[in-house]
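Each chain, written out:
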Amino acid sequence: MELLYFGNSHLTRAIDQGLAKQGLGRAHHRALYWIARKPDMTVSDLLQVLAITKQSLGRVLNELAERGMVETRPGERDRRQRLLRLTESGQALETELFDALRTRLSKAYAEAGQAAVGGFWAVLEGLMPDEERARIAMLHAQG
């Protein structure tokens, strides 16, 4: 448990400074991360992935939109849908944060070796409920 606690703590510290410079928090990072991975993701899909309330997500998206980091547009088939996309500044911040995480993880992976990395991934997947694993598989399948 201590390894999970301290490992996560040091990993999140890698992005906390970048977020703090912008006056943003981890909820903003989670939204930026998923929107970057799935441009034109609907608000309802993001709600499902993040498993937070519509009100909480609304606050995060409004703040990111006000700062010019996220833009929305209506869906092509259903105009009621709101499709999310990062702006250039949102993409720049998300890339900076992702690079900080990737640097930390790459170093740890290189030190641990391939077999350990595979085992670590298996443990992480084992921590997730089946429905979340299925949701992630579906997101990856969507392209």
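Quick look at the structure, then. (Residues numbered from 1 in each chain as written. Predicted model: local features only at pLDDT ≥ 70, side-chain atom pairs only at ≥ 80, totals over all residues. Heavy atoms only, no water.)

### Considerations on the overall build of the protein chain
Inclusion rule: Runs of H or I in DSSP of at least four residues are treated as helices and runs of E of at least two as strands, each being numbered from the N terminus. Buried means the residue's accessible area, taken with a 1.4 Å probe over protein chains only, is under 20% of the maximum for its type, while exposed means over 50%, and partly exposed covers the values in between. What makes two residues a contact is simply this: any of their non-hydrogen atoms within 4.5 Å. Methods summary: accessible areas were calculated by the Shrake-Rupley approach with a probe of 1.4 Å, and residue burial reflects only the protein chains presented. Note on charges: Lys and Arg go in the positive column, Asp and Glu in the negative column, and His and the chain ends are not counted at all. Here the site of a charge means NZ on Lys, CZ on Arg, CG on Asp, or CD on Glu.
Of the regular secondary structure elements, the protein chain holds seven helices and three strands. Within the protein chain, the fraction of its 143 residues that count as buried is 27%. Pairs at least 24 apart in sequence give 57% of the contacts found in the protein chain among residues at least 6 apart. By element, 55% of the accessible surface of the protein chain is carried by carbon and sulfur atoms, the whole surface being about 9600 Å². The distance from the centre of the 20 positive side-chain charges to the centre of the 18 negative ones in the protein chain is 2 Å.

### Here we look at the nonpolar core
The nonpolar side chains of a soluble globular protein tend to be buried, and buried together. Defined as follows: Take the buried residues of types Ala, Val, Leu, Ile, Met, Phe, Trp, Tyr and Cys, join any two whose side-chain atoms come within 4.5 Å, and each joined set is a nonpolar core.
In terms of nonpolar packing, the biggest core is built from 25 residues, with I35, L46, L57, L61, L64, V70 and L84 touching the most fellow members. Those elements that place two or more of their residues in this core are α1 (2–22), α2 (26–37), α3 (43–50), α4 (54–66), β3 (82–86) and α5 (88–112). Looking at this core element by element, the count peaks at five residues for α3. Setting aside residues no more than four positions away along its own chain, L61 makes contact with I35, V43, L46, R82 and L84.

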